[in-house]
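# Summary of the model geometry
Residues per chain, in single letters:
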Amino acid sequence: MKIEKISSRVLLVCVAVIIVCFGAFMTIGYDNLVGDYNEPMLTDVIMWLMYVLVAVTAALTIWSLIRSAQANKGNDPAATTGVPGGKITLFTAGLTIASLVVGWVCGLGETDFTTTSGSVTTAGWVTVVDVFMVSIGILFLAAAIAVAISMTGIATKSASK
């Protein structure tokens, strides 16, 4: 089976699982009022879905890096494909670090957060949440721009010249 076919099927399965999980989350016990707030019954399903997706993505990324390093021993992939993989890797790592720094700067000066039930989250953990939320936003925007550029074919046209 060709890699494109496998990739397409895996994408469809992932999308189907995500749709089923979010559909169940929004329809089964979503109007579960606890005091003045809504506490959906299937929040744990969404949380575990995210944990599994992150773990699988991390494992596949590591596997892909190892496999590509073995396959490209002594070869310059940019010479054969026109894609500067090293520059892309450095840019991605730099963007990730920069987004974490921007998130940390945005989260400076946070105070302790107290819920209505009285549990307290320290200012340090509130800052950590801010760091990751800002970083997620920046990286999502960068990924959306990369997909748009990829779909236009600009990068492909310039690499084949």
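Residues numbered from 1 in each chain as written. Predicted model: local features only at pLDDT ≥ 70, side-chain atom pairs only at ≥ 80, totals over all residues. Heavy atoms only, no water.

### What about the overall build of the chain?
Within the chain one finds six helices and four strands. Buried positions account for 8% of the 161 residues belonging to the chain. For the chain, restricting intrachain contacts to residue pairs at least 6 apart in sequence, the fraction spanning at least 24 positions comes to 44%. (Helix = DSSP H or I, 4+ residues; strand = E, 2+ residues; numbered from the N terminus. Buried < 20%, exposed > 50% of the residue type's maximum accessible area, 1.4 Å probe, protein only. Contact = heavy atoms within 4.5 Å.)

### Some remarks on the packing of helix 4 (residues 85-106) against helix 5 (residues 123-152)
For the pair helix 4 and helix 5, interaxial distance at closest approach is 7 Å and the crossing angle is 135°. The pairing of helix 4 with helix 5 is recorded here as oblique in orientation. At the point where helix 4 passes helix 5, the crossing takes the right-handed sense. On helix 5, the residues that touch Leu 95, Thr 96, Ser 99, Leu 100, Val 102, Gly 103, Trp 104 and Cys 106 of helix 4 are Thr 127, Asp 130, Val 131, Phe 132, Val 134, Ser 135, Ile 138, Leu 139 and Ala 142. A per-class count over the contact of helix 4 with helix 5 returns eleven nonpolar, five polar and one charged. (Axes fitted to C-alpha atoms, helices over the stretch in contact; angles between N-to-C directions. Parallel < 35°, antiparallel > 145°, perpendicular 65-115°, else oblique. Left-handed = near helix turned anticlockwise from the far one by under 90°. Nonpolar A, V, L, I, M, F, W, Y, C, P; charged D, E, K, R; others polar.)

### Section: the packing of helix 1 (residues 3-27) against helix 2 (residues 43-71)
Here helix 1 crosses helix 2 at 160°, and the two axes come no closer than 9 Å. Taken together, helix 1 and helix 2 sit at an angle that is classed as roughly antiparallel. Helix 2 is crossed by helix 1, and the crossing has left-handed handedness. Contacts between helix 1 and helix 2 involve Val 17, Ile 18, Cys 21, Phe 22 and Phe 25 on the former and, on the latter, Thr 43, Val 45, Ile 46, Leu 49, Met 50 and Leu 53. For the contact of helix 1 with helix 2, the residue count by class is ten nonpolar, one polar and no charged.

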